[in-house]
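Fold and geometry: a report
Residues per chain, in single letters:
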Amino acid sequence: MKSTLAPSLWLVIGGVIWGLFWIPLRMLGEAGFQAAWSGFSIYAVSALIMLPVIVMRARSLWAGGLALLICGALTGTALSLYATSIYFTDVIRVILLFYLAPVWGTLLGLVFLGERLTWFRVLALVMGLGGLIVVLSPNGAFPRPQGIGDWMALLSGIAWSLGSLQLYRLQRVAPIDQMIAFIVGGLVVTALMLALGGDIMGKTPEISDIQAAWVLILVIGILTLPMFFLTIWPCAYLTPGRVGVLLMSEVVVAVISAAVLTDETFGLREALGTGLIVSAALVEVAGPFFTRTSKTHKQS
C-alpha cells in the first residue's frame, strides 16, 4: 500500500488535468491546427523543449533498447489517436470509449502479470462498464463505436493499456526516459497519421496560422509536460488495470467541463453514468484497504 499510494494519488491528479486537455485541443483547432495537427504541434513543441534533456540522456535512452522504443510507440499512439478523435466526435464519447481501458488493462494483468481477479476489481469493472453503457445507450441499444472518431477513441484505450503494461515492465528505466520515449513516439506516430491520412487528418496549417498561434502552441506545449510526467511516472508502479481505473478521474472533469463550455448534453443519464464510473475508481482505491482490514480482523 505504501509503495503504490503516492503514484495512485498523483495519477488521479494527472487524470483530472487530462479531463481539461480537450480545451487546448479545441483552441488549436480554431487557430487552424485541426485534427492530427493539434497533437503534432504539441508533441513537436514538447520534443523541442526537451531536446537538451534528450541529448544529455542519449546514452540512457539507447540502453533502453527495443523495449523502450515499443513503449514510446504504444503510449504515443494512444495520445495521438485520443487527441485526434476529439475532432470527429463528442468529447463525452471520446472519454468514455477510451475508458474501456480498465477492461483491457485487467485482461493484460491476468495474462502477462499473473494478477488475481479480486472481488473489488470485478465490482469496479461492472460499475465502470455500466456507466459507459448508460451514457452511450440513449435508445437502450448496446453501445458501439460509430464513425472514425469513436473508433480512434476505442483504439487509443487499447494502445494505452498495452503501453502502460510496457511501462510497468520497464521499472528499471528512469521515468524521464519513459516520458521522452512517449513524446518522441507520439510525434512520429502523429506525423505518420498526417502523411498517410492526408486531408482527412486535417488541412495543413497556413503560414499565417503558425505566425498567429505560435505563442499559444508554446504555452500549451510547456503546460502539458507536467501532465505527461504525472501520467507516465505512476505507470511504473501500478498495474495496467489499476492505471485504467484510477485515470477515470478524468471522466468527471471532462464530462462536466464539456457540458458547461460546449453545447454537449449533460442530463440525468450522463450524470448517472458518470457517477457509476467515479464509483468504480473509488472501489478500486478502497478495495485493497477493506480486504486487508478484513484479513486482519479474521486473524485476530
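Residues numbered from 1 in each chain as written. Predicted model: local features only at pLDDT ≥ 70, side-chain atom pairs only at ≥ 80, totals over all residues. Heavy atoms only, no water.

On to the overall build of the chain, then. When helices and strands are tallied, the chain shows 13 helices and 0 strands. Helices (α) and strands (β) of the chain occur, in sequence order from the N terminus, as α-α-α-α-α-α-α-α-α-α-α-α-α. Within the chain, buried positions represent 50% of all 300 residues. If you take every contact in the chain between residues at least 6 apart in sequence, the share linking residues at least 24 apart comes to 89%. A total of about 14,100 Å² of accessible surface is found on the chain, and carbon and sulfur atoms cover 71% of it. (Helix = DSSP H or I, 4+ residues; strand = E, 2+ residues; numbered from the N terminus. Buried < 20%, exposed > 50% of the residue type's maximum accessible area, 1.4 Å probe, protein only. Contact = heavy atoms within 4.5 Å. Areas by Shrake-Rupley, 256 points an atom, 1.4 Å probe, with all protein chains shown as cover.)

Where nonpolar side chains cluster on the molecular surface, the patch consists of Ile49, Trp214, Val215, Leu218, Val219, Ile222 and Leu223 and spans about 640 Å² of accessible area. Sorting elements by how many residues they give to the nonpolar patch places helix 10 (residues 207–232) first, with 6 residues. (Patch = residues over 30% accessible without salt bridge, like charges linked within 9 Å, V, L, I, M, F, W, Y side chains within 5 Å. Salt bridge = Lys/Arg side-chain N within 4 Å of Asp/Glu carboxyl O.)

Moving on, we get to the state of the cysteines. Disulfide: a covalent bond connecting the sulfur atoms of a pair of cysteines. Using the criterion set out here, one finds 0 disulfides in the structure. Here Cys71 is not cross-linked by a disulfide; its sulfur's nearest cysteine counterpart is in Cys235, at 8.7 Å. When its relative accessible area of 0% is taken as the criterion, Cys235 is described as buried. (Disulfide = S-S within 2.5 Å.)

In this section: the side chain of Ser41. For Ser41, the location among the structural elements is in helix 3 (residues 36–56). Ser41 gets classed as buried once you look at its relative accessible area, which sits at 7%. Contacts of Ser41, omitting those with residues within four sequence positions, involve Leu28, Phe33 and Ile217.

Time to look at unusual backbone geometry. Glycine aside, the phi torsion of most residues is negative, and most peptide linkages are trans. Residues other than glycine seldom take positive phi values, yet Ala35 does so here, at roughly 50 degrees. By the secondary structure assignment, Ala35 is in the loop between helix 2 (22–30) and helix 3.

This part covers the pattern of salt bridges. Summed over all chains, the structure comprises 1 salt bridge. Where Arg57 meets Asp177, a salt bridge forms, and the shortest distance between an N and an O atom there is 2.5 Å. Here Arg57, found in the loop between helix 3 and helix 4 (58–85), pairs with Asp177, found in helix 9 (residues 175–197); they are 120 residues apart in sequence, far enough to count as distant.

This brings us to the packing of aromatic side chains. In this structure the tally under the stated criterion is 10 aromatic pairs. With a centroid separation of 6.3 Å and an interplanar angle of 35 degrees, the aromatic rings of Trp18 and Phe228 are classed as tilted. On the criterion of sequence distance, the pair formed by Trp18 in helix 1 (residues 2–18) and Phe228 in helix 10 is long-range, its members being 210 residues apart. Relative accessible area serves as the criterion here: at 8%, Trp18 is assigned to the buried category. Centre to centre, the rings of Trp233 and Tyr237 are 5.9 Å apart; their planes meet at 65 degrees, and the pair counts as edge-to-face. Residue class for Tyr237 comes out partly exposed when judged on its relative accessible area of 40%. Feature note: the residues Trp18, Phe21, Tyr43, Tyr82, Phe98, Phe182 and Phe228 constitute an aromatic cluster, connected by ring pairs. (Phe/Tyr/Trp six-rings, centres within 6.5 Å; stacked < 30°, edge-to-face > 60°.)

This next bit is on the packing of helix 5 (residues 91–98) against helix 12 (residues 249–261). Between two packed helices, what matters for the description is the angle formed by their axes and the separation of those axes. Orientation of helix 5 relative to helix 12, taken along the N-to-C sense of each, is 170 degrees, at an axis distance of 9 Å. As judged from the angle between their axes, helix 5 and helix 12 are roughly antiparallel. On the side of helix 5, the interface is formed by Val91, Ile92, Ile95 and Leu96, while helix 12 contributes Glu250, Val251, Ala254, Val255 and Ala258. Of the residues assigned to the contact of helix 5 with helix 12, the class counts are 8 nonpolar, no polar and 1 charged. (Axes fitted to C-alpha atoms, helices over the stretch in contact; angles between N-to-C directions. Parallel < 35°, antiparallel > 145°, perpendicular 65-115°, else oblique. Nonpolar A, V, L, I, M, F, W, Y, C, P; charged D, E, K, R; others polar.)

In short, geometric facts, not functional conclusions.
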